[in-house]
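Here is how the chains run, residue by residue.
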Amino acid sequence: MYCTRCKRFVTVFDSINIDFSSTEIICEECGKILLVTRSERQFRLNTDYLELEAFIQKENSKKSKSYKIPNYVYGADTY
C-alpha cells in the first residue's frame, strides 16, 4: 500500500483492535494506520465513530522516528 507519511509503497501488517472491533492495516515502516476494516456485524455492534476517529488521529500523529514496531509483532495475524 502507499503510505502518505513515508511517501512510497510499503509493506503492511494487520492488527486486530479488540476495543473497536476492527482490523487495522498498518505501515510496517512508520506505524501509520492506513486502513481500518470491519465486518458488517462488527459495524452494527460498535458504531462509535468519533472515538474510533480520535484513536486513529492520535495514533497517526505519532512521529515516525519515535515509532518502532517490536520484533514480535512482525507476522502477527497474517495467516
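Model, not experiment: these values are computed from the prediction.

Caption draft 1: Representation of the nonpolar core within the structure. Phe-13, Phe-20, Ile-26, Ile-33, Leu-52 and Ile-56 together form the largest nonpolar core, which totals 6 residues. Non-local contacts of Ile-33, meaning those with residues more than four positions away in its chain, are made with Glu-24, Ile-25, Ile-26, Phe-55, Ile-56, Glu-59 and Asn-60.

Caption draft 2: Spotlight on unusual backbone geometry. With a phi angle near 60°, Lys-7 is a residue other than glycine that sits in the positive phi range. Structurally, the position occupied by Lys-7 is in the loop between β1 (2-3) and β2 (8-9).

Caption draft 3: Structural view of the sheet that holds strand β3 (residues 12-17). What the 3 strands build is an open sheet, ordered β3-β4-β5; its pairing is antiparallel. Only two strands of the sheet have a single partner each, and these edge strands are β3 and β5 (33-37). Averaged over all adjacent pairs, the angle separating strand axes in this sheet is 25°, with direction ignored. Bridge count for strand β4 (residues 22-27) against β5 is 4 bridges, and the pairing is antiparallel. Paired with Thr-23 across the bridge in β5 is Thr-37.

Caption draft 4: A look at the pattern of salt bridges. For the structure on display, the rule yields 1 salt bridge. The closest approach of N and O atoms between Arg-8 and Glu-29, which form a salt bridge, is 3.4 Å. Taken together, the positions of Arg-8 in strand β2 and Glu-29 in the loop between β4 and β5 put the pair 21 residues apart, joining distant regions of the chain. For Arg-8, a relative accessible area of 41% gives the class partly exposed.

Caption draft 5: Up close: helix α2 (residues 49-60). In this model α2 runs 16 Å from its N-terminal to its C-terminal C-alpha over 12 residues, within 8% of the 16 Å that 1.5 Å per residue would give. Taken as a whole, α2 has its buried residues at Leu-52, Ile-56, Glu-59 and Asn-60. Looking straight down α2, one finds its buried side chains confined to an arc of 95°; they lie on one side. Across α2 from its buried face, at more than 90 degrees, point the exposed residues Leu-50 and Lys-58. Where the residues of α2 are buried, they touch β5.

Caption draft 6: Region of the structure containing the confidence of the model for the protein. Summary statistics for the protein give a mean pLDDT of 76 and a share of 68% for residues scoring 70 or more. Considering each helix and strand of the protein separately, the mean pLDDT is smallest for helix α1 (residues 40-45), with a value of 68, and largest for β1, with 91. Counting contacts from residues 72-79, a segment whose pLDDT is below 50, to residues more than four positions away or on other chains yields 9 contacts.

Quick notes on the rules
Residues numbered from 1 in each chain as written. Predicted model: local features only at pLDDT ≥ 70, side-chain atom pairs only at ≥ 80, totals over all residues. Heavy atoms only, no water. Core = buried A, V, L, I, M, F, W, Y, C linked by side-chain atoms within 4.5 Å. Buried < 20%, exposed > 50% of the residue type's maximum accessible area, 1.4 Å probe, protein only. Contact = heavy atoms within 4.5 Å. Helix = DSSP H or I, 4+ residues; strand = E, 2+ residues; numbered from the N terminus. Pairing = 2+ DSSP bridges. Axes fitted to C-alpha atoms, helices over the stretch in contact; angles between N-to-C directions. Salt bridge = Lys/Arg side-chain N within 4 Å of Asp/Glu carboxyl O. Expected span 1.5 Å × (residues − 1). Arc of directions from axis to C-beta. pLDDT = per-residue confidence, 0-100.

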